[in-house]
Amino acid sequence: MNWDETTDEAAPEAADRLVGASADGEDQAVEAALRPKDLDEFIGQEKVREQLDLVLRAARARGATADHVLLSGAPGLGKTTLSMIIAAEMAAPIRITSGPAIQHAGDLAAILSSLQEGEVLFLDEIHRMSRPAEEMLYMAMEDFRVDVIVGKGPGATAIPLELPPFTLVGATTRAGLLPPPLRDRFGFTAHMEFYEPAELERVIHRSSGLLDVEIDPAGAAEIAGRSRGTPRIANRLLRRVRDYAQVKADGHITRDVAAAALKVYEVDGRGLDRLDRAVLEALLKLFGGGPVGLSTLAVAVGEERETVEEVAEPFLVREGLLARTPRGRVATPAAWAHLGLVAPQGKPGASGQADLFGA
């Protein structure tokens, strides 16, 4: 197995944000130990697992390499893990790199020319690859061939380079940014969904066994409910709760221990952290629930505009606590209830969805 440097989508998210979906060095090291090794061990994503199992079994029966695979979805849902499982199921080596690391067509040509027959190439954040490399990838995926340009100007010569059959596994957090010619060359595409709490409980129980942590079902449920539907966050919260349990309790994680630990780390019952609550509190207490412009809201919480828009808002919108409207950001009735506040009469959010659009 070859490991190249790979990172999640660049974002203004703080590296130490406990409920952030991006992975730092510590997370990557722990994830490597906790990752399932085959499809039977992989928890959740039932439809994707079933479909992918058929693709891989059929390829093995034909004695051929598997079709190229495109995995899309939010960070932390298991795209890298599935790429490693694909390689393991096909008994093939895997090479891991990322779109931002491939800035020139020559970078991609060097990687492709060194692949072994049947090898799996995992390309994380494939939508961030440079356009020249992207165009080279079209031919490589379809014909297992690339044209290497030697020289410059009128004297430049294209030298065809034959490639051994390989399987490309592309991962992206923004599938809509992939150009159709690239997307159409994948034989199998799958979208990774957020996990249900029951699935996250299974993830937590499995991880606690590997980490040698004692946890009861209620403790696992408490952590799962605050994990934003993301296994990576669930495992990170589990490790922090484990630390609390070892220092403040007897090492055994119960519901009370988990709740007390996550209170220390400022992660509330719905998975909101300090930044999320700051956005909601500013929206409700300073602006009466909105509507308010994004830039104004960002100034109110002392954060960059991009931080509020790309880090805090997606989860708040998904949870139904905040709405984006043509007039600005508006708190929903659920936001007022979550913070224990009463919406002023006649304000957006006080009487339901119709108010959000001035109806």
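Preceding this paragraph is the structure being described.
Quantities reported herein were computed from a predicted structural model and do not represent experimental measurements. (Residues numbered from 1 in each chain as written. Predicted model: local features only at pLDDT ≥ 70, side-chain atom pairs only at ≥ 80, totals over all residues. Heavy atoms only, no water.)

*Asks:* Would you explain the pattern of salt bridges in this entry?
*Replies:* One side chain can pair with another of opposite charge once the charged atoms of both are near each other. Per the stated rule, a full pass over the model turns up 18 salt bridges. With its nearest N and O atoms 3.2 Å apart, the salt bridge here joins Asp53 to Arg57. A residue pair is termed a helical-turn pair when its members lie 3 or 4 positions apart in one helix, as Asp53 and Arg57 do in helix H2 (residues 46–62) at 4 residues. Taking the relative accessible area as the measure of exposure, Asp53 reaches 23% and is therefore partly exposed. A salt bridge links Asp243 to Arg242, with the nearest nitrogen and oxygen atoms 3.5 Å apart. On the accessibility criterion, Asp243 (26% relative accessible area) is partly exposed. Each of Glu222, Arg226 and Arg255 takes part in salt bridges that share partners, so that together they form one network. (Salt bridge = Lys/Arg side-chain N within 4 Å of Asp/Glu carboxyl O. Helix = DSSP H or I, 4+ residues; strand = E, 2+ residues; numbered from the N terminus. Buried < 20%, exposed > 50% of the residue type's maximum accessible area, 1.4 Å probe, protein only.)

*Asks:* Can you help me understand unusual backbone geometry in this one?
*Replies:* With the exception of glycine, most residues fall at negative phi, and the peptide bonds are largely trans. Phi at Glu125 is positive, roughly 50°, even though this residue is not glycine. As for its placement among the helices and strands, Glu125 is situated in the loop between strand E4 (120–124) and helix H5 (131–143). The backbone of Arg228 shows a phi angle near 60°, a positive value even though the residue is not glycine. When you line up the elements, Arg228 lands in the loop between helix H8 (217–224) and helix H9 (231–248).

*Asks:* Please explain the packing of H2 against helix H3 (residues 79–89) as it appears in this structure.
*Replies:* The relative placement of two packed helices is expressed as an angle between their axes plus a distance between the axes. Two numbers describe how H2 lies on H3: the axes approach to 10 Å, and their chain directions differ by 30°. By the angle class used here, H2 and H3 are roughly parallel. Of the two elements, H2 crosses H3, and the hand of that crossing is right-handed. Contacts from Val48, Leu52, Leu56 and Arg60 of H2 reach H3 at Leu82, Ile86 and Glu89. Residues belonging to the contact of H2 with H3 are distributed by class as follows: 5 nonpolar, no polar and 2 charged. (Axes fitted to C-alpha atoms, helices over the stretch in contact; angles between N-to-C directions. Parallel < 35°, antiparallel > 145°, perpendicular 65-115°, else oblique. Left-handed = near helix turned anticlockwise from the far one by under 90°. Contact = heavy atoms within 4.5 Å. Nonpolar A, V, L, I, M, F, W, Y, C, P; charged D, E, K, R; others polar.)

*Asks:* Help me out: how do you make sense of helix H12 (residues 294–301) in this one?
*Replies:* Since the α-helix advances by 3.6 residues per turn, residues separated by three or four positions end up pointing in the same direction. Within the span of H12, buried status applies to Leu294, Leu297, Ala298 and Val301. On an axial view of H12, the arc spanned by its buried residues comes to 100°, and they lie on one face. Where H12 is buried, its residues touch helix H11 (274–286), helix H13 (305–318) and strand E12 (328–331). Looking one or two places after H12, you find Gly302, whose phi comes out positive at around 70°. (Arc of directions from axis to C-beta.)

*Asks:* Would you take a moment to explain the side chain of Arg242 for this structure?
*Replies:* As for its position among the elements, Arg242 is in helix H9. Within the local environment of Arg242, its side chain forms a polar contact with the side chain of Asp243, the two groups lying 3.5 Å apart. (Polar contact = N/O pair within 3.5 Å; in protein donor to acceptor, adjacent residues only side chain to side chain.)

*Asks:* Sorry, what's going on with the environment of Leu200 here?
*Replies:* Positionally, Leu200 belongs in helix H7 (residues 197–210). Taking relative accessible area as the criterion, Leu200 reaches 1% and is therefore assigned buried. Between the alpha carbons of Leu200 and Ala224 there is a distance of 5.4 Å; along the sequence they are 24 residues apart. Discounting residues that sit within four places of it in the chain, Leu200 has contacts with Tyr195, Ala224, Ser227, Gly229, Thr230, Pro231 and Ala234.

Everything listed here is a matter of geometry and, on its own, says nothing about what the molecule does.
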